[in-house]
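Understanding the architecture of this molecule
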Amino acid sequence: MSLKPFKILGIEHVGMAVDSLDGLSNVFSDILGLDCIGSEEVKDQKVITDIYATGSGKLEFLMPTDPDSPIARFIDKKGGGMHHVALLVDHLQSALDYLKDQGIQLIDEKPRVGAEGFNIAFLHPKSTGGVLIELCEEK
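The rules behind these values
- Residues numbered from 1 in each chain as written.
- Predicted model: local features only at pLDDT ≥ 70, side-chain atom pairs only at ≥ 80, totals over all residues.
- Heavy atoms only, no water.
- Salt bridge = Lys/Arg side-chain N within 4 Å of Asp/Glu carboxyl O.
- Buried < 20%, exposed > 50% of the residue type's maximum accessible area, 1.4 Å probe, protein only.
- Pairing = 2+ DSSP bridges.
- Helix = DSSP H or I, 4+ residues; strand = E, 2+ residues; numbered from the N terminus.
- Contact = heavy atoms within 4.5 Å.
- Axes fitted to C-alpha atoms, helices over the stretch in contact; angles between N-to-C directions.
- 1 Å grid on protein atoms, 1.4 Å probe; cavity = no way out; pocket = protein on both sides within 12 Å on 5 of 7 lines; lining within 4 Å.
- Points joined across faces, edges and corners; volume = space filled by probe spheres on them.
- Nonpolar A, V, L, I, M, F, W, Y, C, P; charged D, E, K, R; others polar.

**Things to note about the pattern of salt bridges**
Between side chains of opposite charge, a pair can form when the charged atoms approach closely. One pass over the full model with this rule turns up 6 salt bridges. Here R73 and D68 are joined by a salt bridge, their closest N and O atoms 3.4 Å apart. Residues R112 and D108 are paired through a salt bridge, measuring 3.0 Å at the closest nitrogen-oxygen approach. Of the two residues examined, R112 and D108, each falls in the buried class. Each of E12, K58 and E116 takes part in one network of salt bridges that share partners.

This is the structure we're talking about:
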């Protein structure tokens, strides 16, 4: 195997699919004491995200804004719960090129902008043991 042209810097967040964001702050902020560090709409993914800092990564709750969004389809098929694991990398395009060369099926061959302004790309779960993996790079 060739030397990797990128480094995984850690878990950036775990994405959770939810029908509603109502009541999340009662549990995650009020009871567990986590800070909600942001809420935003990601229009191209048709979701609203609420993001909570844990001290060593984040929890990202994704609520669909359209019944045809990827998150709405996921919830319809599997119910709410863990959707993806996001890994922070130092060189996203290099990572995508390398992984494609290694036979990993990519959902995104080029980075795009995701929540919090990160450059992101997804790896297909068919190539990753059934786990949807998002790679993230800070701009």
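**A closer look at the sheet that holds strand 8 (residues 133-137)**
Strands pair in a sheet through their backbones, by hydrogen bonds, and they do so in one of two ways: parallel or antiparallel. Strand order in this open sheet of 8 strands is 2-3-4-1-5-8-7-6, and the pairing throughout is mixed. With partners counted over all chains shown, the strands left at the sheet margins are strand 2 (35-42) and strand 6 (112-113), one partner each. Looking at chain direction, strand 1 (residues 8-17) and strand 4 (residues 58-64) are connected through 5 bridges and run parallel. What sits directly across from V14, in strand 4, is L59. Across the sheet, helix 1 (residues 24-31) is in contact with strand 2, strand 3 (47-53) and strand 4; its angle to strand 3 comes to roughly 15 degrees.

**Digging into the layout of surface pockets**
Size it by volume and the largest pocket reaches roughly 700 Å³. Contributing to the lining of the largest pocket are 32 residues, with P70, I71, H83, F122 and L132 lying nearest its centre. Looking at the lining of the largest pocket, the elements that each hand over two or more residues are strand 1, strand 3, strand 4, helix 2 (70-78), strand 5 (81-89) and strand 7 (119-123). No other element matches the 6 residues that helix 2 contributes to the lining of the largest pocket. Tallied by class, residues from the lining of the largest pocket come to 16 nonpolar, 8 polar and 8 charged.

Any link to function would need more than the numbers given here.
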